[in-house]
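Each chain, written out:
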Amino acid sequence: RAASAAELPGKVSLEAVTYATGIIVSYIGLLLQSPDAFLSEAAAATTSSAALCRRFGALYVAGKLPATLVPFIVKRFSEEEDETLSDIFGHVFSVIREHVAKSSLLRMSFVEPIRALSSLLQHKPLAAVLTSSPSFAPAAMISGRQLQGVSYLGPFFSLTLLREDPAVARELFPDPLNMSLSDRDS
């Protein structure tokens, strides 16, 4: 005999939540890829897919999105043959890179974007999106300094370069000529 909905309230609720989650995630992906399909004509004229994906990325870096949202998006769109994950997360990776480029070791502002990148790269389809980007490993043979400027990971490595952030050098390595004798000896 088939159980009625009243006999299995937990199962019906779980199925309903799972179905609703799938619909929400699908609409998020569609909205990020094709905002003109959902927004009014006036709003769509001023809101691009890239702008929405960049805003999504900024919210992700700031930790203002549910932690389970990205795994749902990855699961939903990694099964597709289209470029949905690349379209969305290519912009998200750009936002993360920009956040790191503006960071300083002294302000600890690099922690959130590095945490966001680490979290995203736990998903193989997203790691493939990043590593297939032309900026991840530029084809031309260039110097280390040039590589830092053009490669995706350049800003992550430059966090450790004192020349790139003079405040770090001043704070952590004071000029010995301006130090007291006791400070120099310690």
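Residues numbered from 1 in each chain as written. Predicted model: local features only at pLDDT ≥ 70, side-chain atom pairs only at ≥ 80, totals over all residues. Heavy atoms only, no water.

## Some points on helix 7 (residues 124–131)
- Those residues of helix 7 that sit buried are L126, V129 and L130. For helix 7, the arc enclosing every buried residue in end-on projection is 95°, short of the 170-degree limit, so these residues lie on one face.
- If you follow the buried residues of helix 7, they end up packed against helix 4 (69–78), helix 5 (84–101) and helix 6 (111–120). (Buried < 20%, exposed > 50% of the residue type's maximum accessible area, 1.4 Å probe, protein only. Helix = DSSP H or I, 4+ residues; strand = E, 2+ residues; numbered from the N terminus. Arc of directions from axis to C-beta. Contact = heavy atoms within 4.5 Å.)

## A short note on a negative patch on the surface
- Together, E81, D82, E83 and D87 give the surface a local cluster of negative charge.
- With respect to the helices, strands and loops of the structure, D87 is situated in helix 5. (Patch = residues over 30% accessible without salt bridge, like charges linked within 9 Å, V, L, I, M, F, W, Y side chains within 5 Å. Areas by Shrake-Rupley, 256 points an atom, 1.4 Å probe, with all protein chains shown as cover. Salt bridge = Lys/Arg side-chain N within 4 Å of Asp/Glu carboxyl O. Lys, Arg positive; Asp, Glu negative; His and termini not counted. Charge placed at Lys NZ, Arg CZ, Asp CG, Glu CD.)

## Some details on the nonpolar core
- Within the largest apolar cluster, 26 residues are counted, with the highest numbers of intra-cluster contacts made by I73, F89, F93, I96, L120 and L126.
- Listing elements by their share of this core, those giving two or more residues are helix 1 (9–33), helix 3 (49–61), helix 4, helix 5, helix 6 and helix 7.
- The element that contributes the greatest number of residues to this core is helix 5, accounting for seven residues.
- Setting aside chain neighbours within four positions, we find F93 in contact with L117, L120, L121, L126, V129, L130 and Y152. (Core = buried A, V, L, I, M, F, W, Y, C linked by side-chain atoms within 4.5 Å.)

## Concerning the packing of aromatic side chains
- In this structure the tally under the stated criterion is four aromatic pairs.
- With a centroid separation of 6.3 Å and an interplanar angle of 80°, the aromatic rings of F56 and F89 are classed as edge-to-face. A residue pair is termed long-range when its members are at least 10 positions apart, and F56 in helix 3 and F89 in helix 5 qualify at 33 residues. For the pair F56 and F89, a shared accessibility class is recorded, and that class is buried.
- A ring pair is formed by Y152 and F156, whose centres lie 5.8 Å apart and whose planes are at 35°; its orientation type is tilted. The pair Y152 / F156 is uniform in exposure class, with both members buried.
- Of the aromatic side chains, those joined through ring pairs into one cluster are F93, Y152 and F156.
- Taking NZ or CZ as reference, R76 lies 4.6 Å from the ring centre of F77, over its face. (Phe/Tyr/Trp six-rings, centres within 6.5 Å; stacked < 30°, edge-to-face > 60°. Lys NZ or Arg CZ within 6 Å of the ring centre and 35° of its normal.)

## Structural notes on the packing of helix 5 against helix 6
- Running from N to C, helix 5 and helix 6 cross one another at 150°; their axes reach a closest spacing of 9 Å. Classified by the angle between their axes, helix 5 and helix 6 sit roughly antiparallel to one another. The handedness of the crossing between helix 5 and helix 6 is left-handed. Every residue of helix 6 that contacts helix 5 at F89, V92, F93, I96, H99 and V100 is listed here: P113, I114, A116, L117 and L120.
- Taken together, the residues of the contact of helix 5 with helix 6 sort by class into ten nonpolar, one polar and no charged. (Axes fitted to C-alpha atoms, helices over the stretch in contact; angles between N-to-C directions. Parallel < 35°, antiparallel > 145°, perpendicular 65-115°, else oblique. Left-handed = near helix turned anticlockwise from the far one by under 90°. Nonpolar A, V, L, I, M, F, W, Y, C, P; charged D, E, K, R; others polar.)

## Side note on the confidence of the model for the protein
- The share of residues in the protein with pLDDT of 70 or more is 82%, and the mean pLDDT across the chain is 82.
- Mean pLDDT across the secondary structure elements of the protein bottoms out at helix 10 (residues 166–172), with 68, and peaks at helix 7, with 95. (pLDDT = per-residue confidence, 0-100.)

## What to know about a nonpolar patch on the surface
- Nonpolar side chains collect at one region of the surface, where Y19, I23, Y27, L30, L31, F38 and L39 lie side by side and expose about 640 Å² of accessible area between them.
- Within the fold, L31 resides in helix 1.

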